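# Tertiary structure, described
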Amino acid sequence: MEMEKVVSVEGLVKRYGDTTAVDGISFVVGRGEIFGLLGPNGAGKTTTVECIEGLRVPDAGRIEVLGEVPSPTNYALKARLGIQLQGTAFLSRLTVEETLRLFAALYPRHRPIPELLGLAALGEKRRAQVGKLSGGQRQRLAVALALVNDPELLVLDEPTTGLDPQARRALWDLILSLKGEGRTVLLTTHYMEEAEELCDRVLILDHGRIVALGSPEALIAEHFRETPIEVVLGDAGADLSGLPGVERVVRDKEGTIVLYSAAPVETIQALSALSHRGEIGLRDLRLRRVSLEDVYLLLTGRRIRE
Amino acid sequence: MRAFAALLVAEFKHFFRERMALFWMFLFPIFFMLLFGFVFGGDSEDQVSLRLGIVAEGAGPAAEELVRGLSRIPLVSEVHVGALEEELSALRGRKRDGVLVVPVGFWERLRAGEKVRFVLYYDASRTTTYQVLVSVIQEFLARSEEALTGRPRSFELAPEPVQVRSFRPIDYMVPGILAMTLMQLGLFGVAGTLVARREQKILRRFWAAPLRRSVLAGALISHRLAVSLIQAALILLVAVAAFDVALVGNYALMAGVVLLGALAFVSLGYLIASFARSVEGSTALLQIINFPMMFLSGIFWPIEWMPGFLRPVVYVLPLTYLGDALRQVMVGASPFVPLWLDIAVLGGWTAVAASLSVRFFRWE
Ligand SMILES: Nc1ncnc2c1ncn2[C@@H]1O[C@H](COP(=O)(O)OP(=O)(O)OP(=O)(O)O)[C@@H](O)[C@H]1O
Ligand SMILES: [Mg+2]
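What counts and what doesn't
- Residues numbered from 1 in each chain as written.
- Chains lettered and ligands numbered in written order.
- Predicted model: local features only at pLDDT ≥ 70, side-chain atom pairs only at ≥ 80, totals over all residues.
- Heavy atoms only, no water.
- Donors = N, O, S within 2.8 Å, 3.2 Å for Na, K, Ca; no water.
- Helix = DSSP H or I, 4+ residues; strand = E, 2+ residues; numbered from the N terminus.
- Buried < 20%, exposed > 50% of the residue type's maximum accessible area, 1.4 Å probe, protein only.
- Contact = heavy atoms within 4.5 Å.
- Salt bridge = Lys/Arg side-chain N within 4 Å of Asp/Glu carboxyl O.
- Polar contact = N/O pair within 3.5 Å; in protein donor to acceptor, adjacent residues only side chain to side chain.
- Nonpolar A, V, L, I, M, F, W, Y, C, P; charged D, E, K, R; others polar.
- Pairing = 2+ DSSP bridges.
- Right-handed = clockwise from strand over helix to strand, strands pointing away.
- Axes fitted to C-alpha atoms, helices over the stretch in contact; angles between N-to-C directions.
- Domains from an automatic or database assignment.
- Buried area = accessible area lost by both parts, 1.4 Å probe.

Reference values for angles at a metal are 109.5 degrees in the four-donor tetrahedral case and 90 or 180 degrees in the six-donor octahedral case. All names here are of chain A. Within the protein, the atoms that donate to the magnesium ion (ligand 2) are Thr-46 (OG1) and Gln-86 (OE1), at distances of 1.8 to 2.1 Å. Of this pair, Thr-46 sits in helix H1 (residues 45-52) while Gln-86 sits in the loop between strand S5 (81-84) and helix H3 (96-106), placing them 40 residues apart in sequence. Judged by relative accessible area, which is 17%, Thr-46 ranks as buried.

What follows is the structure, given as structure tokens:
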């Protein structure tokens, strides 16, 4: 792959006491890429991005960001990064506009404040105190603050969490337009459709280790030649792994059973026959396209049966 | 510099918009002082009878005439004649309201049209009394001279303040309340704020910016010092307006002691924030420090009243020294320890707390 590296991580390890939050991961992010970090709660996403931002010091491994080694005191590097942290707060009695101005003053250069207000759709709320914003509005402010210094690399930790569908769409468009300007975006997310829509490449983490890395299309192609069939049963116990065409059965957290079938027509016929004979209580059946969701479920879901 | 200024402005806006905090930090000490002052105000100054001491050694029979004249003034309740030392100590003991020194040969010299200087000692801590006293004596001397010579006055009244060492409770309290306020501004205003901001990850976002921690810490410290000065000015203003507390110190020295005290407790606040892990933990820790300081440092009652076994505690508390220093520079109270020692102890506390915080303070 011919690309200019903006972030390179090699053998990153970070421990907190007994927990190893990140366990020897390596990856690179190229200039102009939108790179997504996915993984369940506690997988080590925040730890990874905060090491890249220089907010946490790794226990082992090497990180290079924009040609520099991040550290708590690498101010020159921090000035070039646009950072949105997971779950930060701001001085609650300052207004939106005052908060933007305050952070603008902390960086050597900054985007015009009205432009930032426009990008985050906070124009109407500019005189509202931060403590009185809704959760989604505060999240948009956090993203606007990541843009305040006109950064080369944006590191966004769950930027769309808590946003309504419209605001999420708007943020996707914003991130895509940043990519259009040649900026690089590293983001974490729990939304698979978001990763599929936005990211050039994704990295799936689990228990601090990489379980998959690649473009969403490549990951889907790598792991699935089958078609997912989702079924909901009245009685949970039935074993469906022996049905014709079924290669893998995954049960997700809500109790939906996903049958990955190489011969979907035969599988569905067998299912309906079983249901007809009353051997299973088939409540619902859906056929769908394979998505990143399936890859994620396959790689991180707890109950995987072959 | 730009970052520092922006942070400082932000601190001010944030602080003055925080109504509850503003009430507790700014107004509560003043209410407390007003309440205390009205309950234990001590001798009120609205008494309009003056007790005069006259020192007239070698002034001759004319002086006796003067004394008789003074006794006839309705506002003058007592006139004592005595030696200077005696009368001054009576003034210090609050047994006189003023001591007038009649110069030798004043009668002849006035008649000859010479300038004659009458020194009037007064209690510097009682401004209302002082005003009445001066106008009464001024008027009396003018009238006497006019009767004698028919000329415009050639006497000169020279008021001399005397530091009266016996205090009304409120005189003792005002510096104490100021000391307590400075302590709480440092402890709660700094430790409480920092721990909460750390827990809410507010500090973390600042730290993600290319901002030196010293600038962030410096802005908060400067803000708290400025607030301390404003607070001190406010307390003093109310103390003077409501209770006529006489400030005898020099204002630069007073501001210096206020700043040093504020700095000592801001440093202590940082130290507590270095060791407290959560808001709840810090609140408990702050109270453990706040209460003994309030009651054992002699800010509400003289240290001499405290039982001997508590003395060692009294001697280590920084508030003891801030209270003592403020009483000395504000109202001229008799020292518990010399002022330089107060300043040295506060400076020592500041240095120790500050260097420990630099070493142990955690931003996350
Ligand atoms: N400051 C800390 N001290 C101790 N343990 C920590 C700390 N921060 C994170 N951890 C632990 O490290 C692991 C990884 O946490 P991390 O925040 O990186 O996960 P994450 O992938 O961002 O999760 P989420 O999706 O919930 O945000 C978790 O087990 C977490 O409990
Ligand atoms: Mg996280």
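Having seen it, we continue.
Further remarks concern the interface of chain B and chain A. Taken together, the contact pairs 24 residues of chain B with 30 residues of chain A. Of the charged contacts in the structure, one is a salt bridge between Glu-50 of chain A and Arg-204 of chain B, with a shortest N-O distance of 2.2 Å. Counting the contacts that link chain B with chain A gives 12 residue pairs in polar contact (both at pLDDT 80 or more). For the side of chain B that touches chain A, the elements supplying multiple residues, two or more each, are helix H1 (2-17) and helix H8 (202-208) of chain B. For the side of chain B that touches chain A, the element with the most residues is H1 of chain B, which contributes eight residues. Its residues placed into classes, the side of chain B that touches chain A shows 11 nonpolar, two polar and 11 charged.

Looking at the secondary structure, you find Leu-85 of chain A in the loop between S5 and H3. Here the alpha-carbon distance between Leu-85 of chain A and Glu-53 of chain A, two residues 32 residues apart in the chain, equals 9.9 Å.

What follows concerns the pairing of strand S1 (residues 50-55) of chain B. Residue and element names in this part refer to chain B. Here S1 lies mainly inside the structure; six of its six residues are buried. Burial of the side chains of S1 extends over both faces: Leu-50, Leu-52 and Ile-54 are buried on one face and Arg-51, Gly-53 and Val-55 on the other. In the sheet, S1 pairs with strand S2 (residues 76-81) via five bridges, with the strands oriented parallel. Residue Leu-50 lies in a different strand from S2, and its bridge partner there is Val-76. The handedness of the S1 to S2 crossover, carried by helix H3 (residues 61-71), is right-handed.

Our next topic: the sheet that holds strand S8 (residues 201-206) of chain A. Residues and elements named next belong to chain A. Pairing within the open sheet is mixed, and its six strands lie in the order S5-S6-S7-S3-S8-S9. Sheet topology places S5 and strand S9 (209-214) at the edges, where each strand pairs with a single neighbour. The mean angle between the axes of side-by-side strands here comes to 15 degrees, regardless of whether they run parallel or antiparallel. Relative to S8, strand S3 (residues 34-38) is paired through four bridges, and the arrangement is parallel. When the bridges of S8 are listed, Phe-35 appears paired with Arg-201.

Let's shift gears to the domain arrangement of chain B. Residues and elements named next belong to chain B. Taken as a whole, chain B is organised into domain 1 (44-161) and domain 2 (169-360). Using C-alpha coordinates to define each centre, domain 1 is positioned 44 Å away from domain 2. Listed per partner, the contact involves seven residues of domain 1 and four residues of domain 2. Of the roughly 340 Å² buried between domain 1 and domain 2, counting both surfaces, carbon and sulfur atoms make up 37%.

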